[in-house]
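Chain by chain, the residues run as shown.
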Amino acid sequence: MSGAGACVALLRERLRDLDLDVTEFRGEVTVIVPAAQAFEALRALRDAPGWTPVLTDLTAIDRFPAEPRFEVVYLLTGYSPPVRLRVKARLPGEVAVMASVTGLWPGANWLEREVYDMFGIRFEGHPGLTRILMPDDWEGHPLRKDFPLTEEPVQFSGHTPKVPSTIIPKSPPRR
Amino acid sequence: MPEPRPETLTINMGPQHPATHGVLRLLLELEGEVIVGTRPIIGHLHTGFEKEMENRTYHQNIVFPARIEYLATFIEEMAYVLAVEKLLGITPPPRAQVARIILAEMSRVASHLVFLGSSAIDVNVSSGFMYCLQDREEILDIFDMVSGQRMMHGYYRIGGLHQDLPEGFEARVRQIAEGLAGRVDEYDSLLTDNLIWRKRLEGVAVLTPQTALAYGCTGPVLRGSGVNYDVRKAFPYGGYEQFEFDVPLGRNGDAFDRYLVRMEEMRQSRRIILQALDRLPGGPVRLDDRKIALPPRGELVRSMEAVIHQFKLVSEGLHPPAGEVYAAVESPRGEKGYYLVSDGSNRPSRVRVRAATFNNLQALPAMVYRGFIADVVVAIASLDVVLGDVDR
Amino acid sequence: MTARMSPWNPERDDAELERRVLTTTVERMVAWARQGSVWPASFGLACCAIEMMCTAAARFDLARFGSELFRASPRQADLMIVSGRVSQKMAPVLRHIYDQMLEPKWVIAMGDCSSCGGVFNNYALVQGVDKIVPVDVYVAGCPPRPEALMHGFLMLREKIGATGGRR
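Quick caveat: nothing in here was measured; it's all calculated off a predicted structure.

K.L.:
Please provide a residue-by-residue account of the overall build of chain B, values included.
P.N.:
From N to C terminus, chain B includes 17 helices and eight strands. On C-alpha atoms alone, chain B measures out to a radius of gyration of 22 Å, which is about the 21 Å that the 2.2 N^0.38 rule sets for 392 residues. Projected onto its principal axes, the C-alpha coordinates of chain B cover approximately 80 × 45 × 35 Å. For chain B, the proportion of its 392 residues judged to be buried stands at 67%. When contacts within chain B are restricted to residue pairs at least 6 apart in sequence, long-range pairs at least 24 apart make up 69% of them. Within the structure as shown, chain B displays about 12,600 Å² of accessible surface, and the carbon and sulfur contribution to it stands at 53%. Side chains of chain B give 43 positive and 50 negative charges; the mean places of these two sets differ by 3 Å.

K.L.:
Give me the sheet that holds strand 2 (residues 28-34) of chain A: which residues, what numbers.
P.N.:
Residue and element names in this part refer to chain A. If you trace the five strands from one edge of the open sheet to the other, you get 1-2-5-4-3, paired in mixed fashion. Edge positions in the sheet fall to strand 1 (21-25) and strand 3 (54-62), since each has one partner strand and no second. Each strand of the sheet is rotated relative to its neighbour by a mean of 25°, with strand direction disregarded. Along the sheet, helix 2 (residues 38-46) contacts strand 2, strand 4 (70-78) and strand 5 (83-91); its crossing angle with strand 5, the most-contacted strand, is approximately 170°.

K.L.:
How would you summarise helix 2 of chain A if you had to cite specific residues and measurements?
P.N.:
All names here are of chain A. Taken together, the buried positions of helix 2 are occupied by Ala-38, Ala-41, Leu-42, Ala-44 and Leu-45. An end-on view of helix 2 places all buried positions within 160° of arc, on one side of the element. Check the buried side of helix 2 and you find it contacts helix 1 (3-14), strand 2, strand 4, strand 5 and strand 6 (97-99).

K.L.:
So what's going on with the packing of helix 3 (residues 47-56) of chain C against helix 6 (residues 146-162) of chain C? Residues and values would help.
P.N.:
Residue and element names in this part refer to chain C. Orientation of helix 3 relative to helix 6, taken along the N-to-C sense of each, is 75°, at an axis distance of 9 Å. For the element pair helix 3 / helix 6, the angle class is roughly perpendicular. Along the contact surface, helix 3 presents Glu-51, Met-52, Cys-54 and Thr-55, while helix 6 presents Pro-146, Leu-149 and Met-150. By residue class, the composition of the contact of helix 3 with helix 6 is five nonpolar, one polar and one charged.

K.L.:
Provide a residue-level description of the sheet that holds strand 1 (residues 79-83) of chain C, including the pertinent values.
P.N.:
All names here are of chain C. Spatially, the three strands line up as an open sheet ordered 1-2-3, and their pairing is parallel. Every interior strand has two partners, whereas the edge strands, strand 1 and strand 3 (137-139), have only one. Ignoring strand direction, the axes of neighbouring strands in this sheet form an average angle of 15°. Bridge count for strand 1 against strand 2 (residues 106-110) is five bridges, and the pairing is parallel. Note on strand 2: the bridge partner recorded for Ile-81 is Ile-108.

K.L.:
Tell me about the interface of chain B and chain C, and name the residues and values.
P.N.:
Each side of the interface is counted separately: chain B has 38 residues, and chain C has 34 residues. Both faces combined, the contact of chain B with chain C buries some 3,100 Å², and carbon together with sulfur accounts for 60% of it. If you look at where chain B meets chain C, you find five salt bridges. Two residues, Arg150(B) and Glu51(C), come together in a salt bridge whose shortest N-O distance is 2.8 Å.

K.L.:
Any details on the pairing of strand 2 of chain A? Residues and values, ideally.
P.N.:
Here is the key point about a regular strand: its side chains alternate between the two faces of the sheet. Residue and element names in this part refer to chain A. With six of its seven residues buried, strand 2 lies for the most part within the structure. When strand 1 meets strand 2, the two strands line up antiparallel, connected through five bridges. Following the sheet pairing, Val-22 is matched in strand 2 by Val-31. Taken together, the five bridges between strand 2 and strand 5 define a ladder with parallel strand orientation.

K.L.:
An account of empty space enclosed by the protein is needed here, citing residue identities and associated values.
P.N.:
Residue and element names in this part refer to chain C. Counted under the stated rule, the structure contains seven cavities of 30 Å³ or more. Lining of the largest cavity is provided by 13 residues; of these, Cys-47, Cys-48, Cys-113, Cys-142 and Pro-143 occupy positions nearest its centre. Residue assignment for the lining of the largest cavity shows that the elements contributing at least two residues are helix 3 and helix 5 (111-116).

The rules behind these values
- Residues numbered from 1 in each chain as written.
- Chains lettered and ligands numbered in written order.
- Predicted model: local features only at pLDDT ≥ 70, side-chain atom pairs only at ≥ 80, totals over all residues.
- Heavy atoms only, no water.
- Helix = DSSP H or I, 4+ residues; strand = E, 2+ residues; numbered from the N terminus.
- Rg over C-alpha atoms; globule rule 2.2 N^0.38 Å.
- Buried < 20%, exposed > 50% of the residue type's maximum accessible area, 1.4 Å probe, protein only.
- Contact = heavy atoms within 4.5 Å.
- Areas by Shrake-Rupley, 256 points an atom, 1.4 Å probe, with all protein chains shown as cover.
- Lys, Arg positive; Asp, Glu negative; His and termini not counted.
- Charge placed at Lys NZ, Arg CZ, Asp CG, Glu CD.
- Pairing = 2+ DSSP bridges.
- Axes fitted to C-alpha atoms, helices over the stretch in contact; angles between N-to-C directions.
- Arc of directions from axis to C-beta.
- Parallel < 35°, antiparallel > 145°, perpendicular 65-115°, else oblique.
- Nonpolar A, V, L, I, M, F, W, Y, C, P; charged D, E, K, R; others polar.
- Buried area = accessible area lost by both parts, 1.4 Å probe.
- Salt bridge = Lys/Arg side-chain N within 4 Å of Asp/Glu carboxyl O.
- 1 Å grid on protein atoms, 1.4 Å probe; cavity = no way out; pocket = protein on both sides within 12 Å on 5 of 7 lines; lining within 4 Å.
- Points joined across faces, edges and corners; volume = space filled by probe spheres on them.

And the structure:
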């Protein structure tokens, strides 16, 4: 397989009714697939001839308050020839459930647990979906945008205490 | 993990255990001395880096990466800075690029020395630990000279370096790089031919290439099993394509092969350092783009424009275009990547740190299955885990 | 040869006694012994643990101050060096280890993270280890250089000597 373009072509060929959204930014190809067909698409990519993709990374993005709120991001890497492809699936905020890919790549086990821990996205078919980084009795999912950073104001002598992240405020998007 | 059978014994190892290289906790299920189940419990060093970085500007975030994987500090900083540079679509000046590579490779050697020292102490070669840390001090002296800090440098900037390399830098680096070959040979004769060392490492914690690929292992752990994947070769970054070096591979995938791979990597790093010293160009170390890089200090007293740029960059930060990038580097533990999502504001809207040891550690249960409990220590040491990297 | 016993001469013998015999309290003597051999628990958390290792290694050689013996078991240690950031998940474990150590015991908060939270101010970390265990010496730095940690050790020595070995 030569390059990420071939992967996209293969997906188009294998899954004809698939609604693909392909973007390219700085030479990186991202494919957005519907959440319901994400597993099928990933399986087709894994079994594609000419490369043996490795699940390099699995993570999520919270786009709060936009809807659909979550994006689950799979980063596939072929080692020889070197190819990278990013596959994304969008999930609504209320029912954030994905099909687990632990059957395709056993290494997805911890990665999915981390996404569950940090974002509260559930993975169906996962062998043991429990918290991994936070304590078991933790409430909330820290990387959600509506979860506060929980800072303590820092006292400097002679000044009113400051919350560190507000010292340089977030600016509105530009360009 | 299967249900505990009556004849098995479950024991706890960690989080406070001298051989777990940090705060890793393992639940081991034993049949006599043989391990039939392992459950790593991680997260004891979860620091919330990703959330923290989403609440800071791109420039402020430079302080965090070195604290994630604290043994390979310059490589870590390079990964983050490269990701932002990719997002902005800029390339730093050649002098900065080559300087970054020299420092990154020295970081790799320093990190492998800690690996060697701490694995030596795990199998009771305490003198090896002392030798390795002594050699690492020499490298840290250079880091100290360059950035003023032994570990958390904050020396790289988006679009270059904080300041030029200090006087006498090249001579010192050359001196250390020349001496390094002899030192590595010395470790070779101390350990590689040592009967106890071989008996403890050979055939222990075997990882097949299939398992390594399935778990997404990278770095010396993957190459020890014979899979040829090095980010520096596969997806060259920061100018690595101009340098000649070999990627050492193991055959058996055991702890001994991983050790040999790391030893050879130190020699290859030395090769890269010497090549880089020969072709270290002159010129500026930071981009001239005032919307990205701070103006030089001297300009501030002369130019009002420079003051305005400085003020804007410090009080507001830079604004990359909306988009998402993934930049990966080859850290001493494997592929370390930063996935940045920008919405066009002065803060990244998502920072994801792809940690190499997080994936590597997942292979631990497969590696120690049906092995002896004493070999768990060797297995953890041969993975070279940094818990700051695993837990982030 | 036997020394001839002479009668007690206060003018001569009191001064001789002062010169030859040291009087002290048991408590102060114990404190003097304690301050010279503080055994730290080998308990590394994060980045600072690497600098702690360097402090114990060849160049800086903590053995000069009698503290090179890092004990793997908290029950054999007198000193806990909290070397690094303490997460919410680690806090109960850390307290547990502290409780397992025998009295008298001391704590050095090594580095900014364990002293006050350092550069991290978020949901995951305890903002200063003094919220869970009493701290005797704070060592600033991120991470503190080995020299700084040794200075912390020397301050702890002074404190142990001055307080008679009690907290």
